[in-house]
Amino acid sequence: MFSKKRNKMLSGQYDYYKIIEDKVRVIAKKKYKNEDEIFISRLYNLVLNLCNQVIYDYTYVFTKNDFVFILDNDINVMDLLNEFTEDVQKMRKRNRKS
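Counting secondary structure elements, the protein chain contains five helices and two strands. For the protein chain, the residues scored as buried account for 35% of the 98 residues in total.

On to a nonpolar patch on the surface, then. The grouping of Y17, Y56 and Y58 at the surface amounts to a nonpolar patch, some 270 Å² of accessible area in total. Given a relative accessible area of 31%, Y17 falls into the partly exposed group.

Quick look at unusual backbone geometry now. In this model, K33 sits at a positive phi of 50°, which is unusual for a non-glycine residue. Tracing the sequence through the fold places K33 in the loop between α1 (16–30) and α2 (37–55). According to the relative accessible area criterion, K33 is exposed, its value standing at 69%. Here the phi dihedral of D74 falls at roughly 50°; this positive angle occurs in a residue that is not glycine. Position of D74 among the secondary structure elements: in the loop between α3 (64–72) and α4 (77–82). Residue class for D74 comes out exposed when judged on its relative accessible area of 67%.

Tallied over the entire structure, the rule returns five aromatic pairs. Relative to Y17, the ring of Y16 has its centre 4.8 Å away and its plane inclined at 75°; by these criteria the two rings are edge-to-face. Relative accessible area serves as the criterion here: at 2%, Y16 is assigned to the buried category.

With that settled, the discussion passes to the environment of I75. Tracing the backbone shows I75 in the loop between α3 and α4. Under the relative-accessibility criterion, I75 is labelled buried at 7%. The sequence separation of I75 and Y32 amounts to 43 residues, and the corresponding C-alpha distance is 8.6 Å.

Cut-off values and rules
- Residues numbered from 1 in each chain as written.
- Predicted model: local features only at pLDDT ≥ 70, side-chain atom pairs only at ≥ 80, totals over all residues.
- Heavy atoms only, no water.
- Helix = DSSP H or I, 4+ residues; strand = E, 2+ residues; numbered from the N terminus.
- Buried < 20%, exposed > 50% of the residue type's maximum accessible area, 1.4 Å probe, protein only.
- Patch = residues over 30% accessible without salt bridge, like charges linked within 9 Å, V, L, I, M, F, W, Y side chains within 5 Å.
- Areas by Shrake-Rupley, 256 points an atom, 1.4 Å probe, with all protein chains shown as cover.
- Salt bridge = Lys/Arg side-chain N within 4 Å of Asp/Glu carboxyl O.
- Phe/Tyr/Trp six-rings, centres within 6.5 Å; stacked < 30°, edge-to-face > 60°.

Now the structure itself:
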């Protein structure tokens, strides 16, 4: 799912998905002490689902698996989302220009 070596900039543009991936990896390792690829993948998907609903104007509905994942890993969703506020703002601004 994740590429090992990929530039943060593609064709001179801000690579939102790569930056989110990198941040999720750091958060998983530092905050949750977890480097398991499945955990990272689930956390990445959760973050994207939550952030993308703001960027692309749709409603994400939490699944039971989302809640279990959040509860089992003691994830503070608000703290997690605060890590990505700047990225969401950049993407919204970029999408408005398109």
